[in-house]
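Inside the fold
Residues per chain are reported as follows:
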Amino acid sequence: MADKPTVIALEEHYLDPEVRQHGSPGAGPDIVRRLDDLSDLRLKEMDAAGIDLQVLSHTIPGLQAVDAAAGVPLARRVNDRLYEAVQRHPDRFAAFAALPTADPLAAADELERSVTRLGFKGAMINGMTDGHFHDDRRFWPIYERAQALDVPIYIHPALPHPAVIEAYYKDYVETHPGILRAGWGFNVETATQGVRFVLSGVFDAYPRLKIILGHMGEGLPFFLWRISHGLRGSLGERSFRDIFCAHFWITTSGFFSDPALICCAMEIGIDRILYSVDYPFAENQLGSEWIKTLPLSPEDRSKLLAGNARRLLKL
Ligand code: ZN
């Protein structure tokens, strides 16, 4: 690995050939071709966009769509294959583990194996597991282990719960399919996970637990004042903002907006904002054009592009 990569992107996806049999990412052929590639095409597009290092993670729905019996042995094969891909280009790739969350204790063990044996930097969890949000107590063994290993857990969107699609979106799904994804559904679903993590008390149980949210924190930084006000009194002495700002990091994945960035920097501080593209769902070039004119000082710019990731992921 280069001593100091100057642009690190950490919500960058791929698709494991065995996991794809359990669930489709719902992407077109151009995106799937890029999800499949962990070599020439990906490296060429990283070079063109000035990205030194991608932290790779499995795309949606990933192992969250696989039951415990199949998921536990599959996770080892998936992470071992990802390890081999990283080893082929160790100066260009790092990795987040895929976890078989249908069996939380096995998922915690796989997290530990991935971090201690394979050198992974944490894990990414997509959407829900069997209809359960991941703040549920059944998943806490994963967070206990993440704290012990001092690695972050990246909570990533997946399609909304079927009952939510039915109640909120179904009359627009056909004409505006993006409504379920980046067009709205992803953001609401994942922001809800973020709020629920704070309400669950998991950060009291594991006070050094670190959670990453993509897509500028799924909108939560913008809402911090109002959520804190709305929840005043029910969270004990700390406010929602206090807890969020102590435990969450956010990335710019698929969200290249100056006003959104400034809002996030004002609310949670530049030290907790990390550059990401969300390749190949967002094009590297969109991000590379945006970062040419970031409204940040040189010091803050280098924190956002690499320094914060180096510190959080110990790269
Ligand atoms: Zn993503």
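What comes next concerns the included structure. One numbering rule holds for all chains: residues counted from 1, following each sequence as written. Thresholds applied to this predicted model are a pLDDT of at least 70 for local features of residues and 80 or more for the giving and counting of side-chain atom pairs; totals over whole chains, interfaces and linings are not thresholded and use all residues. Side-chain measures were taken over the full set of non-hydrogen atoms in the model, leaving aside hydrogen atoms and water.

1. Topic: empty space enclosed by the protein
Threshold: A cavity here means a set of 1 Å grid points, computed over protein atoms only, where a 1.4 Å probe fits but cannot escape. A pocket is an open set with protein on both sides within 12 Å along at least 5 of 7 lines, and lining residues have an atom within 4 Å of a point. Grid points are joined across faces, edges and corners, and a volume is the space filled by probe spheres set on the points. Numbered from the N terminus, helices here are DSSP runs of H or I no shorter than four residues, and strands are runs of E no shorter than two. Under the convention adopted here, Pro, Cys and the residues Ala, Val, Leu, Ile, Met, Phe, Trp and Tyr are nonpolar, Asp, Glu, Lys and Arg are charged, and Gly plus all remaining residues are polar.
Throughout the structure, instances matching the rule amount to 1 cavity of 30 Å³ or more. Approximately 40 Å³ is the volume found for the largest cavity. Every residue lining the largest cavity is listed: S57, H58, G62, L63, Q64, F96, A97, A98, L99, M124 and N126. If you list the elements that add at least two residues to the lining of the largest cavity, you get β2 (53–58), β4 (97–98) and β5 (123–126). Tallied by class, residues from the lining of the largest cavity come to 6 nonpolar, 5 polar and no charged.

2. A look at the coordination of the zinc ion
So the rule is basically this: Atoms are scored as donors when they are N, O or S and lie within 2.8 Å of the metal, with 3.2 Å used for Na, K and Ca; no water is included, so coordination may look incomplete. Key to geometry: four donors with every angle between 85 and 135 degrees are tetrahedral; four donors are square planar and six octahedral where opposite donors lie over 155 degrees apart and all remaining angles lie between 65 and 115; all other sites are irregular. Exposed residues in this analysis have more than 50% of their type's maximum accessible area, buried residues have under 20%, and partly exposed residues fall in between, with area computed by a 1.4 Å probe over protein chains only.
The protein atoms donating to the zinc ion are E11 (OE), H13 (NE2), H156 (NE2) and D278 (OD), with metal-donor distances spanning 1.9 to 2.2 Å. Taken together, the 4 donor atoms coordinating the zinc ion and their angles of 86 to 170 degrees define a geometry best described as irregular. One chain supplies every donor to the zinc ion, and in sequence these donors are spaced E-x1-H-x142-H-x121-D. Both residues of the pair, E11 and H13, belong to the buried class.

3. A short note on the side chain of Q193
Operational definition: Working rule for contacts: check all heavy atoms of both residues, and any pair within 4.5 Å makes them a contact.
Tracing the backbone shows Q193 in helix α7 (residues 185–200). Aside from chain neighbours lying at most four places away, what touches Q193 is G127, M128, F133, H134, D135 and I155.

4. Considerations on the pairing of strand β8 (residues 248–251)
Worth spelling out the cut-off: We call two strands paired when DSSP finds no fewer than two bridges between them. Seen with its strands pointing away from the viewer, a crossover is right-handed if its path from the first strand over the helix to the second goes clockwise.
On β8, burial covers both faces: F248 and I250 on one face and W249 and T251 on the other are all buried. Looking at chain direction, strand β7 (residues 211–213) and β8 are connected through 3 bridges and run parallel. Within β8, the residue paired with L213 across the bridge is I250. Direction of pairing for β8 relative to strand β9 (residues 273–274): parallel, over a ladder of 2 bridges. Bridging across to β9, I250 finds its partner in I273. In the classification by handedness, the crossover that spans β8, the intervening helix α12 (residues 258–268) and the parallel β9 is right-handed.

5. Looking at the sheet that holds β9
Strand order across the open sheet formed by 6 strands is β4-β5-β6-β7-β8-β9, with parallel pairing between neighbours. Unpaired on one side and paired on the other, β4 and β9 mark the two borders of the sheet. With 4 bridges connecting them, β5 and strand β6 (residues 153–156) associate as parallel partners. For N126, the partnering residue across the bridge sits in β6 and is H156.

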